Amino acid sequence: MRIGSGYDVHRLVPGGRLILGGVDIPHETGLLGHSDADALIHAIIDACLGAAGLGDIGGHFPDSDPSYKGISSLTLLERARDKLYDNRLEIVNIDCIIVAESPKLAPFIPEMRRNISRCLKTGESRVNIKATTEEGLGFTGAKEGISAWAVCLLDSVTD
């Protein structure tokens, strides 16, 4: 068994799209980034790659590469999943936390879980997502950005 952790943060900007867990969430601000800026998926990718000992998201999908401009982070998650499979590793479970002052994310979490489990080709029961605020503290509390944390447990595929 192998464990990895991931963290990502993106700045909130007026007029942008707010995409978390592959869900386009209606909001007056959105996340700024080279891809679709899905901080949750980016944290999950880093956790998976870290658990596999394969580096990080920037090493595999650099923001200096124009081919990743505006790409869906779910596509990047599928590519990361393929790297796990190539190394004969499977996901045991993923646990995540999204830190955002607004909007309230609870109504969107079931769809996020479905998106992630579909991309990873694993059961929804293996993907857990929680959302919290920082009670007005820090950059997330000031509504300047959204952060996400993820932990991934992998196991070797047995024949």
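Further up the page is the structure itself.
Residues numbered from 1 in each chain as written. Predicted model: local features only at pLDDT ≥ 70, side-chain atom pairs only at ≥ 80, totals over all residues. Heavy atoms only, no water.

A closer look at the packing of aromatic side chains
We apply this condition: Stacked, edge-to-face and tilted labels apply to pairs of Phe, Tyr and Trp rings (six-membered ring for Trp) whose centres lie within 6.5 Å, assigned for plane angles under 30 degrees, over 60, and everything in between, in that order. Each helix is a run of DSSP H or I of at least 4 residues and each strand a run of E of at least 2, with the numbering of both proceeding from the N terminus. Working definition: with a 1.4 Å probe on protein chains only, accessible area under 20% of the residue-type maximum means buried, over 50% means exposed, and in between means partly exposed.
Evaluated as defined, the whole model comprises two aromatic pairs. Judged by centre distance (4.3 Å) and plane angle (50 degrees), the rings of Tyr7 and Trp149 are tilted. Taken as a pair, Tyr7 in strand β1 (residues 2-14) and Trp149 in strand β7 (residues 145-156) lie far apart in primary sequence, 142 residues in all. Taking the relative accessible area as the measure of exposure, Tyr7 reaches 34% and is therefore partly exposed.

Details of helix α3 (residues 73-86)
Rules: Every helix has an expected span of 1.5 Å times one less than the residues it contains. Arc, as used here, means the arc of the directions from the helix axis to the C-beta atoms. We call two residues in contact whenever any of their non-hydrogen atoms come within 4.5 Å of each other. Polar contact is the term for a pair of N or O atoms within 3.5 Å; when the atoms are in protein, one must be able to donate a hydrogen and the other to accept it, and sequence-neighboring residues count only if both atoms are side-chain atoms.
With 14 residues, α3 should reach 20 Å at 1.5 Å per residue; the first-to-last C-alpha distance of 20 Å fits that figure. Among the residues of α3, Ser73, Leu74, Leu76, Leu77, Ala80, Arg81 and Leu84 are the ones counted as buried. Each buried residue of α3 sits inside an arc of 150 degrees when the element is viewed along its axis, so together they form one side. On its buried side, α3 packs onto α1 (39-52), β5 (89-99), α4 (109-120) and β7. Two or three places before Leu74, at the start of α3, stands the capping residue Ser72, its side-chain oxygen 3.2 Å from that residue's backbone nitrogen. Arg88 occupies a position one or two residues after α3 and carries a positive phi of about 55 degrees.

Some points on the environment of Lys83
You can see Lys83 is positioned in helix α3. Spatially, the C-alpha atom of Lys83 lies 14 Å from that of Cys152, the residues being 69 residues apart in sequence. Beyond its immediate stretch of four places on either side in the chain, Lys83 contacts Leu49, Leu54, His60 and Phe61.

Overview of the sheet that holds β7
Basically, it comes down to this: Only when DSSP finds a minimum of two bridges between them are two strands counted as paired. Angular values range over 0 to 180 degrees, each being the angle between N-to-C directions of two axes fitted as lines to C-alpha atoms, with helices fitted over their stretch in contact.
The strand order β4-β1-β7-β5-β6 describes an open sheet built from five strands, whose pairing is mixed. Looking at which strands have only one partner, the edges of the open sheet turn out to be β4 (29-31) and β6 (127-132). The sheet shows a mean angle of 20 degrees between the axes of neighbouring strands, direction not considered. Note: β1 against β7, ten bridges, orientation antiparallel. Each residue of the ladder has a partner; that of Ser5, found in β7, is Val151. Each of β1, β4, β5, β6 and β7 is contacted by α1, which is oriented at about 155 degrees to β1, the strand it contacts most.

Description of the environment of Pro62
Tracing the backbone through its elements, the reader meets Pro62 in the loop between α2 (57-60) and α3. The spacing of Pro62 and Ser35 is 27 residues in sequence and 9.9 Å in space, taken between C-alpha atoms. When neighbours within four sequence positions are excluded, Pro62 is seen to be in contact with Ile57 and Tyr68.

Description of the packing of α1 against α3
For clarity, the cut-off: When describing relative orientation, an angle under 35 degrees is termed roughly parallel and one over 145 degrees roughly antiparallel, while 65 to 115 degrees is termed roughly perpendicular and anything else oblique. Each residue is assigned to one of three groups, with Ala, Val, Leu, Ile, Met, Phe, Trp, Tyr, Cys and Pro labelled nonpolar, Asp, Glu, Lys and Arg labelled charged, and all others, Gly among them, labelled polar.
Across the interface, α1 lies against α3 with an axial gap of 10 Å and an inter-helix angle of 10 degrees. The orientation of α1 relative to α3 falls into the category roughly parallel. Residues Ile41, His42, Ile44, Ile45, Cys48, Leu49 and Ala52 of α1 form the contact with α3, whose own contacting residues are Ser73, Leu74, Leu76, Leu77, Ala80, Lys83 and Leu84. Here the residues of the contact of α1 with α3 are counted per class, giving eleven nonpolar, two polar and one charged.

A look at α1
Taking 1.5 Å per residue as the helical rise, α1 with its 14 residues ought to reach 20 Å, and the 20 Å between its terminal C-alpha atoms agrees with that figure. The element α1 is largely enclosed, with a buried count of 13 among its 14 residues. Taken from the residues just after α1, Gly53 is the one with a positive phi, measuring 70 degrees.

With respect to the nonpolar core
Inclusion rule: The term nonpolar core refers to a set of buried residues drawn from Ala, Val, Leu, Ile, Met, Phe, Trp, Tyr and Cys, joined through side-chain atoms within 4.5 Å.
Core analysis: the biggest nonpolar cluster contains 46 residues, and Leu20, Leu40, Ile44, Ile45, Met112, Ile116 and Ile129 have the highest contact counts within it. Tallying contributions element by element places α1 first for this core, with eleven residues. Leaving out residues up to four positions away in the same chain, Ile44 has contacts with Leu77, Ile94, Cys96, Ile116 and Ala150.

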